[in-house]
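Commentary on secondary and tertiary structure
Given next are the chains, with one letter for each unit.
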Protein chains: 6
Amino acid sequence: MMPYVNIRITKEGATPEQKALLIQGATQLLVDVLGKNPVTTVVVIDEVDIDNWGMGGETITAFRQKFLNK
Amino acid sequence: MMPYVNIRITKEGATPEQKALLIQGATQLLVDVLGKNPVTTVVVIDEVDIDNWGMGGETITAFRQKFLNK
Amino acid sequence: MMPYVNIRITKEGATPEQKALLIQGATQLLVDVLGKNPVTTVVVIDEVDIDNWGMGGETITAFRQKFLNK
Amino acid sequence: MMPYVNIRITKEGATPEQKALLIQGATQLLVDVLGKNPVTTVVVIDEVDIDNWGMGGETITAFRQKFLNK
Amino acid sequence: MMPYVNIRITKEGATPEQKALLIQGATQLLVDVLGKNPVTTVVVIDEVDIDNWGMGGETITAFRQKFLNK
Amino acid sequence: MMPYVNIRITKEGATPEQKALLIQGATQLLVDVLGKNPVTTVVVIDEVDIDNWGMGGETITAFRQKFLNK
């Protein structure tokens, strides 16, 4: 009942339409798999600056610069 | 000890005074109900864009537009 | 890149198969909508006791008891 | 609209009644300060083992042992 | 001031000593890099069941079974 | 496997270099203490406005103003 879904992505220009699709899809997923009530399902999308997101011990910013310089 | 409270609301112009009241109230709630030490209680408010918040499978933005068009 | 999805549901007997479907579906959603790499997509499911989940100012436990007593 | 409040406390025997008061109080706080709709306010309480909670660089477990040994 | 660090790991037998080292290390990191006050730094470790953690679209449980069967 | 670390700090001018050090340090900590794979460790830094962060029942903004006026 009343699931809460938090989707964290890097801030790279997701459009309002894409965000609406994420919200719609995540809500439908909870309906399909667990029979949750879509009306009371909450989805929150956090967009995180690529300087603030790390993977493999470095920021996404640094990761991409290395890739581009190759 | 040292409770951590995270309040997530849509970003719609909450004033610094309102945020201060949320922080004061949440801290006092932990004191009143559980006897927590207010000094070490942390409250963090996240304000989320209405394009990024979904309910009933759609964004708050879409939800309000439908309501206004009725 | 590397989205992180946190799904919080009440603890009411979701099976390992249902959890696997949630993880698969949330990952696919990020692929479909944003073209994210599924390999680096992380999904974490939190199951929360119904005494610890509130809606409308009361616990799910209390909410259900009222409903059953009607 | 539809605030989400996450209260994280150490797991030390909070009763169902205390949890209900936290949920009721947090919901009312959002009503009082921001005029939020209580029906769609979600509150989730996480209880964390004292081995898993740190302050001042040590676990609550260690912190208390030092205090008791003084 | 008062950083909050949340470390989420799969539940696979981390010992109290290891948890204490994570808390100590994360706190020291904030001191070293940002000059934060260790006294008011909070670290919370969440241990998540491997059925509830997904990567690459499948649970860690399934991921390991495939690996073992190879 | 695939730890997720979320570091929440007040937004007060942490530089990209400092953020890179936090990501590097947190990832290394998980390697050192738990033997986690650095490649799949995710670190996300949230920077929170000082009006939105409370301690001892008041915002960091208010806390600092009192201190400065003494």
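Only a predicted model underlies this, so the values are computations on that prediction, with no experimental measurement involved.

A short note on the pairing of strand β2 (residues 42-48) of chain F
Residue and element names in this part refer to chain F. Of all 7 residues in β2, 6 are buried; the element is thus mostly enclosed. Across 7 bridges, strand β1 (residues 4-10) lies against β2 in parallel orientation. Bridge pairing in β2 links Ile9 to Glu47. Following the backbone out of β1, through helix α1 (residues 16-34) and into the adjacent parallel β2, one traces a crossover that is right-handed.

As for the side chain of A:Asn6
With respect to the element layout, A:Asn6 can be found in strand β1 (residues 4-10). Overall, A:Asn6 belongs to the buried group, its relative accessible area being 9%. Here the side chain of A:Asn6 touches A:Val44 through a polar contact of 3.0 Å, landing on its backbone oxygen. Those residues within four positions of A:Asn6 in sequence are excluded, and the remaining contacts are A:Val44, A:Asp46, B:Arg8, C:Tyr4, C:Val5 and C:Asn6.

Digging into the relation of the copies chain A and chain C
Superposing chain A onto chain C takes a rotation of 180° combined with a translation of 0.0 Å along the rotation axis, leaving an RMSD of 0.0 Å. As the rotation angle and translation indicate, the two copies are arranged about a two-fold axis. The rotation axis passes nearest to the C-alpha of A:Asn6 in chain A, at a distance of 2.5 Å. Here 100% of the contact residues of chain A are again contact residues in chain C; the copies associate through an equivalent surface.

Things to note about the interface of chain A and chain C
Contacts between the two partners involve 27 residues from chain A and, on the opposite side, 27 residues from chain C. For the chain A and chain C pair, buried surface summed over both sides reaches about 2300 Å², with 74% attributable to carbon and sulfur atoms. Counting every contact that joins chain A to chain C gives 0 salt bridges. Our enumeration of links across chain A and chain C arrives at 7 residue pairs in polar contact (both at pLDDT 80 or more). Counting only elements with at least two residues in the side of chain A that touches chain C, the list comes to β1, α1 (16-34), β3 (53-55) and α2 (60-69) of chain A. Counting residues per element, the side of chain A that touches chain C draws most heavily on α1(A), at 9 residues. Considered class by class, the residues forming the side of chain A that touches chain C number 19 nonpolar, 4 polar and 4 charged. Examined bridge by bridge, β1(A) and strand β1 (residues 4-10) of chain C share 5 bridges and lie antiparallel to one another. Bridging across to β1(C), A:Arg8 finds its partner in C:Tyr4.

Thoughts on the relation of the copies chain F and chain B
One chain copy maps onto the other through a rotation about an axis and a shift parallel to that axis. With an RMSD of 0.0 Å, the operation that places chain F on chain B is a rotation of 120° combined with a shift of 0.0 Å along the axis. On the angle and the small slide along the axis, the relation comes out as a three-fold axis. Within chain F, F:Asp46 has its C-alpha nearest the rotation axis, a separation of 5.7 Å.

Quick look at the environment of B:Thr41
Residues and elements named next belong to chain B. With respect to the secondary-structure elements, Thr41 resides in the loop between α1 (16-34) and β2 (42-48). Thr41 sits in the buried class, given a relative accessible area of 0%. Sequence spacing of Thr41 and Leu30 is 11 residues, and the spatial spacing of their C-alpha atoms is 8.2 Å. A distance of 3.0 Å separates a polar atom in the side chain of Thr41 from the backbone oxygen of Asn37.

Here's the deal with the sheet that holds strand β4 (residues 58-59) of chain E
Overall, mixed pairing links the 8 strands, which are arranged β4(B)-β3(B)-β2(A)-β1(A)-β1(C)-β2(C)-β3(E)-β4(E) in an open sheet. The open sheet has two edge strands, β4 (58-59) of chain B together with β4 of chain E, and neither has a second partner. Helix-sheet contacts for α1(A) involve β1 and β2 (42-48) of chain A, β3 (53-55) and β4 of chain B together with β1 of chain C, and the interaxial angle to β2(A) is about 135°.

So, empty space enclosed by the protein
Using the criterion set out here, one finds 4 cavities of 30 Å³ or more in the structure. The calculated volume of the largest cavity comes to roughly 370 Å³. Looking at the largest cavity, it is lined by 24 residues, and the ones nearest its centre are A:Asn6, B:Asn6, C:Asn6, D:Asn6 and E:Asn6. Counting only elements with at least two residues in the lining of the largest cavity, the list comes to β1 of chain A, β1 (4-10) of chain B, β1 of chain C, β1 (4-10) of chain D, β1 (4-10) of chain E together with β1 of chain F. Class assignment of the residues belonging to the lining of the largest cavity gives a composition of 6 nonpolar, 6 polar and 12 charged.

Conventions adopted
- Residues numbered from 1 in each chain as written.
- Chains lettered and ligands numbered in written order.
- Predicted model: local features only at pLDDT ≥ 70, side-chain atom pairs only at ≥ 80, totals over all residues.
- Heavy atoms only, no water.
- Buried < 20%, exposed > 50% of the residue type's maximum accessible area, 1.4 Å probe, protein only.
- Helix = DSSP H or I, 4+ residues; strand = E, 2+ residues; numbered from the N terminus.
- Pairing = 2+ DSSP bridges.
- Right-handed = clockwise from strand over helix to strand, strands pointing away.
- Polar contact = N/O pair within 3.5 Å; in protein donor to acceptor, adjacent residues only side chain to side chain.
- Contact = heavy atoms within 4.5 Å.
- Least-squares fit on C-alpha atoms with pLDDT ≥ 70 in both.
- Buried area = accessible area lost by both parts, 1.4 Å probe.
- Salt bridge = Lys/Arg side-chain N within 4 Å of Asp/Glu carboxyl O.
- Nonpolar A, V, L, I, M, F, W, Y, C, P; charged D, E, K, R; others polar.
- Axes fitted to C-alpha atoms, helices over the stretch in contact; angles between N-to-C directions.
- 1 Å grid on protein atoms, 1.4 Å probe; cavity = no way out; pocket = protein on both sides within 12 Å on 5 of 7 lines; lining within 4 Å.
- Points joined across faces, edges and corners; volume = space filled by probe spheres on them.

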